[in-house]
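Here's the letter readout for the chains.
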Amino acid sequence: MKKSIIRLIALCLALSMSACILGSCGIIGGTDSGNTDGGANAGNNNNQNDNSNNNTNDNNNNDTGNTDSPDKGEEEKLSDKGIFFSSAAVDDGDGTQEKPYNSLSIIPELTLEPGTHIYLERGSEFTGILAVKNAHGSKEDPIVITSYGKGSAPKIDGNNLSGYGVLYLANCSNIEVSNLEITDSAKTEADRRGVLITCDNNLGTEEVVTYKNIALKNLYIHDIIGYRDAENSGMAMWSKITGGIHVWSNDGLGRIDGLEITECEITEVSNVGIATWYKVAQDDEGNVSAKMYSPYTEGFENYAHLNVHINGNEISHIGKNAIFARNLFGGLIEYNVVHDTAKYCVSGNTIVTRSVDGTVIQYNEGYRNLARGRDSDGKLQDGCMLDADLDSKYTVWQYNYSHDNSFGLFINCTTEAKDVAIVRYNLSVNDRGNKGIIYINYASAGIYVYNNTIVTSYDTEYIIQSNGSGRTSFFYNNLIYNRSDKAKFDISKNADMTAANNLIYNEYGSSIENLSYFVSINAAGIYDEDPMFVGYLQEDSILGISNLHDYKVESSSPALNAGKTVEEVADFFGNSYKRSIGFYCGE
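Here the structure is a predicted model, which is why all the values come from computation and not from measurement. (Residues numbered from 1 in each chain as written. Predicted model: local features only at pLDDT ≥ 70, side-chain atom pairs only at ≥ 80, totals over all residues. Heavy atoms only, no water.)

1. Looking at the overall build of the protein
To keep it simple, the criterion reads: A run of DSSP states H or I qualifies as a helix once it reaches four residues; a run of E qualifies as a strand once it reaches two. Both are numbered from the N-terminal end. Exposure is judged per residue with a 1.4 Å probe applied to protein chains only, and the accessible area is read against the type maximum: over 50% gives exposed, under 20% gives buried, and values in between give partly exposed. Working rule for contacts: check all heavy atoms of both residues, and any pair within 4.5 Å makes them a contact. Methods summary: accessible areas were calculated by the Shrake-Rupley approach with a probe of 1.4 Å, and residue burial reflects only the protein chains presented.
A tally of helices and strands in the protein yields 4 helices and 43 strands. Going through the 587 residues of the protein one by one, you find that 63% of them count as buried. Counting contacts in the protein only where the partners sit at least 6 residues apart, residues at least 24 apart contribute 80% of the total. Here the protein displays about 21,200 Å² of accessible surface, and carbon together with sulfur accounts for 44% of that area.

Here it is in structure tokens:
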């Protein structure tokens, strides 16, 4: 896909920032167990860097497909360990550039050593599976699968492939795959994936085998029709394991340390865009089971994937979830643009964590979650951009931009009363609030929601919902600008909510139903004072996470220097911490 210079610069800066987080902040990977103390000071080692303009994909780019190729006049440097493939070759050759192979089926028979490069000629169209098994490069000399020549990216069509992935990597280490187009021309639902990475113990022991450094970059994955399970809102396990990129162990004795999924475009896939798992198994009758490993179990870090970085991808037109991260110790999900999700199975939160510890989700833009009531009974579930799901032991959700989603910014489904989630310095605009822009849905040890800015649409319903016992939450320093005359709070007195220093403003003609209880618990709250945004608030949302300066407030705003003291991290724009209200703290 074509990338703008601006986007490349932004992503280089993002990677530099990520390196700081991975190397210095102690959240990702390693042997640390992560900060599980909870409270407003939880996650003190999270990023405090200047992110003011270092943001994300330009989602106004309408080009699709990977068409990058070397510039004219630029000499393409090819490895002397190259094995070449071209679908234009008349007959199967010997793998040299002069006589390339014309079928990918020979790859499992090849000996792949550190430094081996598998080159697919641009403009080629291959059919079937590209499978690499038990291949191991080195950190200094990885195995590389990529394109060569001029023209459009080489295309691999699974052609009704099921049971695997069109790209299938099994028990591999130190391998990089880039610049490919992956699809399947089949038009019916089946057990399909664009990419499948499996990691198992093939040593005959009961020890966990760690596979290292697998990188997927600049892949164009599209039109993979897995199982949609629309009548069941996509909840069947056999539908959840289909889609774009999936990573799992078949025997529960393998994991990856160093998984990088970067700069990929994933569109029109069912049911999930990117998913990581602990163990997925299928019996002889085709029944699928998935086992989760609880982060509360001793030794979780020995079974979980480490150093997972999902960065800079555009994921759109997805059957259910864009990203579903399971079985991570640490992990960083950032700078992704995710939109038009829950498209075919009417339900699904956009970015979800389950069975994780210490995972950070930041600088993502998510819009048009299309969740709606089922045709059969009208039941509506799961339509938020962000979801801390089952056994999300400790997660941080910061610096994200949510707009035009069915529910809104955040939902928790943390059935463990020990789970902690930090939700801070995010922006929500024009989220519809079906069930809640912020929806405290299950019990937890603490959902800390602070310094977020929420600008409703003209027909938003629930802004905040928390109506069950044990749903411990803390709302501090949030700025809520309401434009709807249908808006409401639904907070029960037994919901265990603590609130302070929140600013709530109703635009002329708008109102919030059931606000009185929140007012009674919102210590030092501010009402009926215009926060004074610096830009004119358009009816339509702004596209692009780097274009949000209109939602800053004027220097004379009542939101500045009026907040409760919380953890001292930078605001959305990278400004140093100040005791202010909303996602912007002032210059």
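From this point, the narrative continues.
2. Focus on the pairing of strand β19 (residues 314–318)
Let me state the cut-off plainly: Only strands that DSSP links by at least two bridges are regarded as paired with each other.
Of all 5 residues that make up β19, 4 are buried, and the element is covered over most of its length. Where strand β15 (residues 265–270) lies against β19, 4 bridges are found, and the strand directions are parallel. If you follow Glu265 over to β19, its bridge partner there is Glu314. Where β19 and strand β22 (residues 337–341) come together, 3 bridges link them in parallel fashion. Looking at β22, one finds that Glu314 is bridged to Val337.

3. Side note on the packing of aromatic side chains
In plain terms, the rule: Classification of ring pairs rests on two measures: the distance between centres of Phe, Tyr or Trp rings, Trp counted by its six-membered ring, which must be within 6.5 Å, and the angle between planes, read as stacked under 30 degrees, edge-to-face over 60 and tilted in between.
Inspection of every chain in the model, using the stated rule, returns 25 aromatic pairs. Ring plane angle 15 degrees and centroid distance 4.4 Å describe the contact between Tyr293 and Tyr303, whose orientation is recorded as stacked. Placement of Tyr293 in the loop between β17 (288–291) and α3 (300–303) and of Tyr303 in helix α3 is noted, with a sequence separation of 10 residues between them. By relative accessible area, which is 15% here, Tyr293 ends up buried. Pairing Phe533 with Tyr551 gives two aromatic rings, centres 6.1 Å apart and planes at 80 degrees, and the pair type is edge-to-face. Here Tyr551 lies in the segment after β43 (526–527) and Phe533 lies in the segment after β43, a separation of 18 residues in the sequence. In textbook terms, an aromatic cluster arises when at least three aromatic residues are bridged by ring pairs, as seen for Tyr335, Tyr363, Tyr399, Tyr425 and Tyr450.

4. Topic: the pattern of salt bridges
We count it as follows: The term salt bridge refers to a pairing of a side-chain nitrogen on Lys or Arg with a carboxyl oxygen on Asp or Glu at a separation within 4 Å.
Here the structure, examined in full by the defined rule, presents 9 salt bridges. As a salt-bridge pair, Asp340 and Arg368 come within 2.9 Å of each other at their nearest N and O atoms. Of this pair, Asp340 sits in strand β22 while Arg368 sits in strand β25 (residues 365–369), and the two are 28 residues apart along the sequence. Residue Asp340 is classed as buried on the basis of its relative accessible area, which comes to 7%. The class of Arg368 is partly exposed, set by a relative accessible area of 37%.

5. Describing unusual backbone geometry
For the bond from Ser270 to Asn271, the omega torsion is 10 degrees, close enough to zero to count as cis. One non-glycine residue, Asn501, adopts positive backbone phi at about 60 degrees. For Asn501, the position within the fold is in the loop between β39 (497–500) and β40 (503–506). Classification of Asn501 by relative accessible area gives buried; the value is 11%.

6. Here we look at the nonpolar core
Here is the rule: As used in this record, nonpolar core signifies buried Ala, Val, Leu, Ile, Met, Phe, Trp, Tyr and Cys residues forming a set joined through side-chain atoms within 4.5 Å.
In this structure, Phe85, Val132, Phe410, Ile464, Phe489 and Phe518 are the most contacted members of the largest nonpolar core, which totals 86 residues. Examining the composition of this core, we find that 4 residues originate from one element, strand β11 (residues 209–217), more than from any other. Setting aside anything within four residues of it in sequence, one finds Phe489 in contact with Ile463, Ile464, Ile480, Ile504, Ile512, Glu513, Asn514, Leu515 and Phe518.

7. A closer look at the side chain of Asn174
Applicable threshold: Polar contact is the term for a pair of N or O atoms within 3.5 Å; when the atoms are in protein, one must be able to donate a hydrogen and the other to accept it, and sequence-neighboring residues count only if both atoms are side-chain atoms.
Assignment of secondary structure puts Asn174 in the loop between β7 (167–170) and β8 (175–178). A polar side-chain atom of Asn174 sits 3.3 Å from the main-chain carbonyl oxygen of Gly137. Setting aside anything within four residues of it in sequence, one finds Asn174 in contact with Gly137, Ser138, Lys139, Pro142, Ile143, Lys212 and Asn213.

8. Quick look at the confidence of the model for the protein
Do not read the fine detail of predicted coordinates wherever pLDDT is low. Worth spelling out the cut-off: Every residue is assigned a pLDDT by the predictor, reflecting its confidence on a scale from 0 to 100.
Of all residues in the protein, 87% have pLDDT values of 70 or greater, and the mean over the chain is 89. Predicted confidence is poor over residues 1–64, with pLDDT under 50, and the contacts of this stretch with residues over four places away or in other chains come to 158 contacts.

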